[in-house]
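# Structural features, examined
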Amino acid sequence: MRRFLRPGHDPVRERLKRDLFQFNKTVEHGFPHQPSALGYSPFLRLMAIGTRSGAIKLYGAPGVEFMGLHEENNTVMQIHFIPDQCQLVTLLDDNSLHLWSLKQHGGASELREEHRFTLKGPPGSPPSATQVTAVLPHSSREVLYLGTESGNIFVVELPSLRVLEDRTITPEAVLQRIPEDNCNRRSCELVEALQEHPKNPDQILIGYSRGLIVLWDLQNNKATQHFLGSQQLENLYWQRDGSKFISCHYDGSYTQWPVSSDNRQSEPLENTVPYGPFPCKAISKIYWQTTKNGLPYIIFQGGMPRASYGDRHSISVIHGSQQTAFDFTSRVIDFFIIFSSDPAAEFDDPSALVALAEEELVVIDLKSAGWPAVHPPYLASLHCSAITCSHHVSNIPLKLWERIISAGSKQNIHYSSMPWPIDGGTNIAPDPPQRDLLLTGHEDGTVRFWDASGVCLHLLYKLSTVRVFLTDADPNDNMNTLGEDEWPPLRKVGTFDPYSDDPRLGIQKIYLCKYSGYLAVAGTAGQVLVMELNDEDAEHVVDHAEADLLQDQEGYRWKGHEKLKTRDGPVRFEAGFQPFVLVQCQPPAVVTSLALHSEWRLVAFGTSHGFGLFDHQQKRLVFVKCTLHPSDQLALEGPLSRVKSLKKSLRQSFRRIRRSRVSSRKRRGAGGNASEVQEANAKFDQDALQEMELAPVQRKIEARSAEDSFTGFVRTLYFADTFLRDSSRHCPSLWAGTNGGTVYAFCLRVPPAERRMDEPVRAEQAKEIQLMHRAPVVGILVLDGRSTPLPEPLEVAHDLSKSPDMQGSHQLLVVSEEQFKVFTLPKVSSKLKLKLTALEGCRVRKVTVASFGSCKTDDYSENDLAVLTNLGDIQIISLPFLKLQIRYPCIRKEDVSGIASCVFTKYGQGFYLISPSEFERFSLSTKWLVEPRCIVDMPEVTSNNHVHNKSGPENAARKSRESGKGPDDCGEDERKSGRLMEHALLNDEKVLKEIQSTLEGGR
Amino acid sequence: QFGAEFRRFSLDRYKPGKFEDFYKLILHIHHIANLEVMIGYADVHGDLLPINNDDNFFKAVSSAHPLLRVFIQRQDEVDYSNFGTNTLSRKKKALVTLRNDNLRRRPHINISMPHDFRPVSSIIDVDILPETHRRVRLYRHGCEKPLGFYIRDGTSVRVTPHGLEKVPGIFISRMVPGGLAESTGLLAVNDEVLEVNGIEVAGKTLDQVTDMMIANSHNLIITVKPANQRNNIIRSSRMSGSSGQSTDSTASHHSLPTSHVLQNFHPDEMESDEEADIVIEGGLEPQHIPKLHSLTSSSLSRINGSSLGHRLQRDLVLNNNSGRESNGNIHKLLSSLKTDPRHSLVIPRGGIEEDGTVITL
């Protein structure tokens, strides 16, 4: 019985396996879960995002991304790039500082943690003394200034992260030069902001929480000027020329202050409450950007009127008479402005606003009129409506690809045409080998088409099925409506919208035929839509049919949701996929399986009640089959009654307790008096309670029977042209597998193309297979005479696959949650099987046929099954002999949603959700591997620019990119030595042999 | 009437009375007054000894601690060589929770494996397992009786080179009255489950073990360490099976490869009695097909597509309904045929042809 498990000892096969299979988690797509900090280096043109789980992700030009993870898994509070370096510092919520650097290794850059450091106060000092609140990396690149809760500013040397104690700026030192009448020790509590003078690196601006701002001279160690704010300080910003700075405050005001050497104490130039006069919320960050035309851009976060708009998450941009408050869909974590960082430039000339909100990244083009948003090439919010299913299609034909892109571009006209402004680094990964589409179905009834070919998961096109139905939602609910004279001038930005109007619209199954452009989509309320790609807008009536899966069986009552109401008359559809057929299952239970055969023009769908076949050419229901077991009340009543039944069972158990209480009372009641009974009852209650609490988690061991609930649930549907009835004649067939381990096979008669509209499609049940182990059937597959899986519909017609072998005998593979079983066809007799659950206790969750190519030779590839189990393991199982090839742990077994969301590609890659907004991409193949590979070159630093170090990164970066090798002092040595070692080893045959022999010996 | 039933009744320990009365009492209780039976009991060593006169009846009652297990067999089926051997202890184990004045007796029929009964359980691999363990095979012949037990997480104590160590384990938590597991008497609440069909459960979660047991439910072999070690097999080489020794043998034994452990156990045997999937060659009744065709073609001319679909569909409903009925019959027939797994399922073809549905296996 273990013969299937014992790995083959065939050394040739073992070697081949190494050439075929390899497990890698390659890249994370989507938007980081729970972002907590944002950083930007104008020098590297890289953006960094930190998360609450301690991850740090760097993004540059599309394809340029890096990821690091803090060991502590603590929230990243702040991120600061070291000026003009490939280095950054992160501050975590445990008050630890981490220095990361980008180093080149093996031809590509890598993000590595170099040092970590926690500021320690003198013994006995409170933890607040060293709690870091503000970080300033000095432009000298030698020190960090750390503002703390105690008001002390510590100086830390780079890159060693050593405290230079003699240079600490204490509140006492600061107060020395400030008249005592308006300041005391408490004014210097908590450093809120630290900013370096833009022109003079020897001066820094220190902002204390209570409103005191001090200009500190580092050379002479004294305060040269101080500014007394009346309001609690939030943040500071220097004007480009260093003549003024701006402070923003807790009460929603901002203040401009002049800086001049002759004035020790300055009065504010201007104090504004932009959304006054009523009390406003704090302005937490502000930018003052100069432009050629003299009108500055004032950009700040917050400041909304407390009472009426206090709940908005806004960033306001004021430029002359233009003012817009961008209204975000979730809390704004932080934002930055991309502006000219060339020190020689006279003005800031801001080009873009980059805002990180909790659920999405929004970039606003400040150069184009109307300040449109920029379509981000990565960091897409996958979860803008919750993902309900996904479907992957590999190797999309160019024609279809272009049509989808063109349909998508019509939807994206409101986006700015500005090129992506965050463009640091160089993507050196090879071009993606093929065009892949990932389709995600969402709770709000939309399907999103993602370009999943490369590292950047990019939204191509969004399809909404809502238009077909009548819903309560107002279709004219435009997010961007801007009423006249509205104050504050709010404008919604972003796409995150987790609130579904109607849960019945949710998409459950998707099937796209990449050759014909037919798309079938099925949803929560039993709706099945068949769509066709149309490059033009069109208005037409959607043909509507109903499939009664219960077939008039009496005595059943559906207690779940109602079916969706359809729109009468023609409906206008935008260019793209336009529905032309709607089939609604009755009862309107969630569609659990879907199959589309574009060549035969048939769509099959299944629910917990049965399945049906629809001819979408003739728009006619071919047949329905009820799979429901008559005693299966749970499946009948629908999803809502499951809750009810739980309630019912609770009620029953309480009744049982009460009954036994009554009987115990009777028993005792004979002799005892009332108080005794009461006492006994109390004791009983206590016992019952204890019993309930102590009852351990236990599992019932029972063989599955036909009477179990949800046995009729249709788990899989499959079309095949095979030998169903006899071995001489093959015919189209439809296969369905249920939760109760039953496989139904229907023989189909599809009229030839020339009479396709004249004759009806016919179906007859040909076989019914009841697996004895009754486990849910999750996959059905027919292997041809060469034991190759049958090609997809139209694949042969497009010359993309060999025609299946119809000479040799076909085999049927049935995958249940517990085992794999191969049967002969047409006489269904068991040929071989692989038991999974009986031996390992794991169950099949996902299974797909994947093609694996050898990384050594181009001409070898084979088909295997990629299987994901409920323990989160991935197994590769050979076809047709069902031998376990290899097993990799992939997902934690507790991560149920991750396992449920997993989707395999046809070439041995896969995706699963690691959070509601992120897909992890993995690869099982040595050949098909999509992972980021990029270089960040150190742009050349203008050597004698000691006044202002923000060198022209654009030019420098371009220069270095052109020359192909920028100077990189960081890691140069290491790289050289590493390469040397590698070189030496590879050239020495003896060493190679030695390595090989030890490797083999180890095995 | 010799099913797996047992009854309890009490006797006065100190005045047991005469054997004759006891014999009559037993016949009366079991309503088998007209049968010649042989009465036996289990002594302290777990040996089956006969009760056929006042003396050994008295001895049996006085030696009952805490209860006396009495076995009744048909006179003509008694295998006298069984007496005094260990046969009994392999099959039975006492319940410790009974009150002292209760006596339990159980008519038992499996001792000589009569042909008109089929086994519901057996103990296997006694010769290779440590005596503290018991490997139980539950036969489920597609029968209606549920397996009927529950398992839970728990901790067990193992002897390791570093001394005693608490390790997580899987235990039987509950028996369903009337279930297969209970009726065998070989499994009890708090028995620790060590293996399922030869595969160790150590390191597996409760859900994994549950899935494994259910996946093997047609032929479940579980190795347990009984909570009650009093009824263990006493091997001749050892004086007594004490629970103290058991733990270290657990540790050492588990390092053995599983295939070795299962040596007594024919893979073929396992394959043969499991998973004969039922294949029903479906299809509509020959008479129905022309009817269907005529209806379809005649309707085509006058009715549009969708209502035609409804008609066709209803027609299919009709056929499917009749098909299901016959399928049901076949299921029943099959399950009755499947009662003995060793019988190959040779079915006369014509015998079950109903409504055009044919079974091939």
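Residues numbered from 1 in each chain as written. Chains lettered and ligands numbered in written order. Predicted model: local features only at pLDDT ≥ 70, side-chain atom pairs only at ≥ 80, totals over all residues. Heavy atoms only, no water.

## Focus: the overall build of chain A
Helix and strand counts for chain A stand at twelve helices and 64 strands. Burial status across chain A gives 56% buried among its 1003 residues. Contacts in chain A between residues far apart in sequence, at least 24 positions, make up 59% of those at least 6 positions apart. A total of about 43,600 Å² of accessible surface is found on chain A, and carbon and sulfur atoms cover 49% of it. (Helix = DSSP H or I, 4+ residues; strand = E, 2+ residues; numbered from the N terminus. Buried < 20%, exposed > 50% of the residue type's maximum accessible area, 1.4 Å probe, protein only. Contact = heavy atoms within 4.5 Å. Areas by Shrake-Rupley, 256 points an atom, 1.4 Å probe, with all protein chains shown as cover.)

## A few points about helix α1 (residues 19–29) of chain B
Residue and element names in this part refer to chain B. Residues of α1 that are buried include every one of Phe19, Phe22, Tyr23, Ile26, Leu27 and Ile29, and no others. When α1 is viewed along its axis, its buried side chains cluster within an angular range of 165 degrees and face the same direction. In this structure, α1 carries Lys24 and His28 as exposed residues pointing more than 90 degrees from its buried face. Phi for His31, located one or two positions after α1, is positive at around 55 degrees. (Arc of directions from axis to C-beta.)

## Re the pattern of salt bridges
Proximity of charged atoms lets side chains of opposite charge pair with each other. All told, the structure shown has 43 salt bridges over all chains when counted by the stated rule. Here Glu817 of chain A and Arg845 of chain A are joined by a salt bridge, their closest N and O atoms 3.6 Å apart. Of the two residues, Glu817 of chain A is situated in the loop between β54 (811–816) and β55 (819–824) and Arg845 of chain A in strand β57 (residues 844–853); the sequence distance between them amounts to 28 residues. Ionic contacts of the salt-bridge type, sharing partners, join the residues Arg715, Glu817, Glu818, Arg843 and Arg845 of chain A together with Asp211 of chain B into one network. (Salt bridge = Lys/Arg side-chain N within 4 Å of Asp/Glu carboxyl O.)

## Quick notes on the pairing of strand β26 (residues 322–328) of chain A
Residue and element names in this part refer to chain A. Of all seven residues that make up β26, six are buried, and the element is covered over most of its length. Two elements, strand β25 (residues 313–319) and β26, share seven bridges in a ladder whose sense is antiparallel. Paired with His319 across the bridge in β26 is Gln322. Linking β25 to β26, which pair antiparallel, is a turn of two residues; within it Gly320 sits at a positive phi near 60 degrees. As defined by bridge partners, β26 adjoins strand β36 (residues 490–492) across three bridges and the pair is classed as parallel. Looking at β36, one finds that Asp327 is bridged to Lys492. (Pairing = 2+ DSSP bridges.)

## Some thoughts on the environment of His810 of chain A
Residue and element names in this part refer to chain A. If you trace the backbone, His810 turns up in the loop between β53 (777–783) and β54. On the basis of relative accessible area, His810 is assigned to the buried category, the value being 1%. Linking His810 and Phe723, residues 87 residues apart in sequence, is a C-alpha distance of 7.0 Å. Once you skip the residues sitting within four places of it in the chain, His810 turns out to touch Asp721, Thr722, Phe723, Val782, Leu783, Asp784, Gly785, Leu790, Asp805, Thr824 and Leu825. In terms of polar contacts, His810 uses its side chain to reach the side chain of Thr722, at 2.7 Å. A polar contact is formed between the side chain of His810 and the backbone oxygen of Asp805, at a distance of 3.0 Å. (Polar contact = N/O pair within 3.5 Å; in protein donor to acceptor, adjacent residues only side chain to side chain.)

## Observations regarding the sheet that holds strand β44 (residues 593–597) of chain A
All names here are of chain A. The four strands lie next to each other as β44-β45-β46-β47, forming an open sheet whose pairing is antiparallel. Of all strands in the sheet, those with a lone pairing partner are β44 and β47 (620–626), marking the two edges. Averaged over neighbouring strand pairs, the angle between their axes works out to 10 degrees when direction is ignored. Taken together, the five bridges between β44 and strand β45 (residues 602–606) define a ladder with antiparallel strand orientation. The residue of β45 that forms the bridge with His597 is Leu602. (Axes fitted to C-alpha atoms, helices over the stretch in contact; angles between N-to-C directions.)

## Re the domain arrangement of chain A
The accessible area lost on association of the parts is a frequent measure of interface size. Residue and element names in this part refer to chain A. As assigned here, chain A comprises domain 1 (33–110), domain 2 (119–272), domain 3 (278–381), domain 4 (465–479 + 497–626), domain 5 (713–834) and domain 6 (845–936). Using C-alpha coordinates to define each centre, domain 1 is positioned 22 Å away from domain 3. Listed as interface residues are 14 residues of domain 1 and, on the opposing side, 14 residues of domain 3. Here domain 1 packs against domain 3, burying approximately 1,200 Å² in sum over the two surfaces, 75% of which is carbon and sulfur. The interface formed by domain 1 and domain 3 contains one residue pair in polar contact (both at pLDDT 80 or more). For the side of domain 1 that touches domain 3, the secondary structure elements donating two or more residues are β2 (35–41) and β3 (46–51). Of all the elements, β2 adds the most residues to the side of domain 1 that touches domain 3, at six residues. (Domains from an automatic or database assignment. Buried area = accessible area lost by both parts, 1.4 Å probe.)

## Side note on the pairing of strand β19 (residues 244–249) of chain A
Residue and element names in this part refer to chain A. The buried fraction of β19 amounts to five of the six residues, a majority that puts the element mostly inside the structure. Summarising the sheet, strand β18 (residues 233–238) and β19 pair through five bridges and their orientation is antiparallel. Bridging from a neighbouring strand, Tyr237 pairs with Ile246 of β19. Between β18 and β19, which follow one another and run antiparallel, lie five residues, and Gly242 among them has a positive phi close to 80 degrees.

## As for the UniProt feature "repeat: WD" (unreviewed entry) in chain A
All names here are of chain A. According to UniProt, the positions carrying the feature "repeat: WD" (unreviewed entry) are residues 69–103 and 433–451. For residues 69–103, the end-to-end C-alpha separation is 16 Å, with 0% helix and 60% strand making up the annotated structure. Annotated as 0% helix and 63% strand, the span residues 433–451 places its first and last C-alpha atoms 13 Å apart. (UniProt positions renumbered as here; feature names shortened; annotations may be inferred.)

## Considering the side chain of Asp327 of chain A
Take Asp327 of chain A: it is sitting in strand β26. Not counting residues up to four positions away in its chain, the partners in contact with Asp327 of chain A are Arg312, His313, Leu490, Arg491, Lys492 and Val493 of chain A.

## Quick notes on the sheet that holds strand β37 (residues 507–512) of chain A
All names here are of chain A. Ordered in space as β37-β38-β39-β43-β41, the five strands form an open sheet in which the pairing is mixed. Either end of the sheet is taken by a strand with one partner, and the two such strands are β37 and β41 (543–548). Pairwise comparison of adjacent strand axes, ignoring direction, gives a mean angle of 20 degrees for this sheet. As paired elements, β41 and strand β43 (residues 576–586) share six bridges and run parallel to each other. Among the inter-strand pairings, Ala547 is bridged to a residue of β43, identified as Cys585. Lying over the sheet, helix α4 (residues 398–411) contacts β39 (527–534) and β43, oriented at roughly 100 degrees with respect to β39.

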